[in-house]
Amino acid sequence: MARVLKEEGRSQEPLASDARIRAAALSGFAQMLKTYDLDPAPILAKASILPNALEDQFSWLPLEKFALALTLAAQATGDPCFGLKYGSTAKFANPLGYLMASAPDLKTALRSFIHYQRVFNSNVASLSEPSGAARIEWTYPVTMTNVAQLTDFVLMRFICRVQSTAGPSWRPLSVGVTHHQPTDREEYDKRLGSRIAFDQSCNSIVIAGATLNLPMPDADPNLFNMVARFCDQELA
């Protein structure tokens, strides 16, 4: 029987107005836009994100505003794959990142991420382990808009975390996303592999069992236990 792990304490999907994410998710946003010779200030202002909201990376942002900022950035850059590219290059410090990096192996890292996800954002996520593989699924409130770039961003964060231990050439067994297939899917195939399905009922990524058993390169049991205690306190 497949093991299924869901977020601790989550009983129902949040309303779009209640969904949130830590400001750290935008910490590399300005630098990313500079590679397109664009000023991030007008985009953040249009998304109703005040500059001082980013001063504390552990402060909360409405997820709708973050998703809108990614959508506006894709429009301003003329790059429909902005979310994919930002997700693959963004580097920001957060408890879940330290927790996963210090875990003994990838399976423990992913299980810990799902268990403590609400420390960083309010997406609804689950992890099942059918036949030894791992399937991660996540969704957003049904009333939330501008989710395509957000989905691509989150997806690439998962991909990069796995590649940190499996290597840059690693690709998932399969990927599913809720948004439509783009006119040109070359960037998706390059970053995710060809086994990606669009217009799905939920977002998902499947990881082979052999990959799950790989040790994390920066495993640190003391740091792992310390960050886990911090996350427990945040969720208490």
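Remember, predicted model here, so these are calculated numbers, not experimental data.

Engineer: Honestly, the overall build of the protein in this entry has me stumped. Any pointers?
Structural biologist: Looking only at helices and strands, the protein has 10 helices and eight strands in total. For the protein, the C-alpha radius of gyration of 17 Å lies close to 18 Å, the compact-globule estimate for 236 residues. Dimensions of the protein, computed from the C-alpha atoms along their principal axes, are close to 45 × 40 × 35 Å. Every one of the 236 residues in the protein was classed for burial, and the buried ones make up 48%. Pairs at least 24 apart in sequence give 73% of the contacts found in the protein among residues at least 6 apart. Element-wise, carbon and sulfur atoms account for 52% of the exposed surface of the protein, whose accessible area totals about 11200 Å². Computed over 22 positive and 23 negative side-chain charges, the separation of the two mean positions in the protein equals 3 Å.

Engineer: Explain helix α6 (residues 106-116) here, please?
Structural biologist: Since there are 3.6 residues in each turn of an α-helix, residues three or four apart along the chain are aligned in direction. Where α6 is concerned, the buried positions are Leu106, Ala109, Leu110, Ser112, Phe113, Ile114 and Tyr116. At the N-terminal boundary of α6, the capping side chain belongs to Asp105, with an oxygen 3.3 Å from the backbone nitrogen of Lys107.

Engineer: Can you walk me through the pattern of salt bridges in this structure?
Structural biologist: Opposite charge on two side chains lets them pair, provided their charged atoms get close. Within this structure, the stated rule accounts for seven salt bridges. Here Glu234 and Arg22 are joined by a salt bridge, their closest N and O atoms 3.4 Å apart. Of this pair, Glu234 sits in helix α10 (residues 221-235) while Arg22 sits in strand β2 (residues 20-22); the two residues are 212 residues apart in sequence, bridging distant segments of the chain. Glu234 gets classed as partly exposed once you look at its relative accessible area, which sits at 36%. Given a relative accessible area of 5%, Arg22 falls into the buried group. The residue Arg135 makes a salt bridge to Glu137 at a minimum N-O spacing of 2.6 Å. When its relative accessible area of 27% is taken as the criterion, Arg135 is described as partly exposed. Residue class for Glu137 comes out partly exposed when judged on its relative accessible area of 25%. What you see here is one network of salt bridges that share partners, running through Glu187, Lys190 and Arg191.

Engineer: Explanation requested: the pairing of strand β5 (residues 134-139) in the structure shown.
Structural biologist: A regular strand carries its side chains on alternate faces of the sheet. Here β5 shows a buried face lined by Ala134, Ile136 and Trp138 and an unburied face lined by Arg135, Glu137 and Thr139. Note: strand β4 (residues 124-129) against β5, five bridges, orientation antiparallel. Directly across from Ser126, in β5, lies its bridge partner Glu137. As paired strands, β5 and strand β8 (residues 203-207) are joined by five bridges and run antiparallel to one another. Paired with Ile136 across the strands is Ile205, a residue of β8.

Engineer: Please explain the packing of α6 against α10 as it appears in this structure.
Structural biologist: Any two packed helices are characterised by the angle at which their axes cross and by the distance between the axes. The geometry of α6 relative to α10 is characterised by a closest axis approach of 11 Å and an angle of 20° between their N-to-C directions. Of the possible angle classes, the one that applies to α6 and α10 is roughly parallel. As α6 runs across α10, the sense of the crossing is left-handed. Residues Thr108, Ser112, His115 and Tyr116 of α6 touch α10, and the partners they reach there are Phe224, Ala228, Cys231, Asp232 and Leu235. By residue class, the composition of the contact of α6 with α10 is five nonpolar, three polar and one charged.

Definitions and cut-offs
Numbers given to residues run from 1 along each chain, matching the order in which its sequence is written. The predicted nature of this model means local features are confined to residues of pLDDT at least 70 and side-chain atom pairs, given and counted, to a pLDDT of 80 or more, with totals for whole chains, interfaces and linings taken over all residues. Excluded from the side-chain calculation are hydrogens and water; included are all heavy atoms of the structure. A run of DSSP states H or I qualifies as a helix once it reaches four residues; a run of E qualifies as a strand once it reaches two. Both are numbered from the N-terminal end. Here the globule rule is a power law, 2.2 Å times the number of residues to the power 0.38, and the radius of gyration is based on C-alpha atoms. Remark: exposure states derive from per-residue accessible area (1.4 Å probe, protein chains only) relative to the maximum for the residue type, with buried under 20%, exposed over 50%, and partly exposed in between. Here, two residues are considered to be in contact whenever any of their heavy atoms come within 4.5 Å of each other. Methods summary: accessible areas were calculated by the Shrake-Rupley approach with a probe of 1.4 Å, and residue burial reflects only the protein chains presented. His is not counted, nor are the chain ends, whereas Lys and Arg count as positive and Asp and Glu as negative. By convention, the point assigned to a charge is CZ for Arg, NZ for Lys, CD for Glu and CG for Asp. Under the rule applied, a polar contact is a pair of N or O atoms within 3.5 Å (in protein, one hydrogen donor and one hydrogen acceptor; residues adjacent in sequence only if both atoms are side-chain atoms). Throughout this description, the term salt bridge denotes a Lys or Arg side-chain nitrogen within 4 Å of a carboxyl oxygen of Asp or Glu. Note: two strands are recorded as paired if DSSP finds a minimum of 2 bridges between them. Note on method: axes are straight lines fitted to C-alpha atoms, helices fitted across the in-contact stretch only, with angles between N-to-C directions ranging 0 to 180 degrees. Roughly parallel means an angle under 35 degrees; roughly antiparallel means over 145; roughly perpendicular covers 65 to 115; every other angle is labelled oblique. In this scheme the crossing of two helices becomes right-handed for a clockwise turn of the near helix relative to the far one and left-handed for an anticlockwise turn of less than a right angle. Residue polarity is assigned by list, with Asp, Glu, Lys and Arg as charged and Ala, Val, Leu, Ile, Met, Phe, Trp, Tyr, Cys and Pro as nonpolar; anything else, Gly included, falls into the polar class.

Any link to function would need more than the numbers given here.
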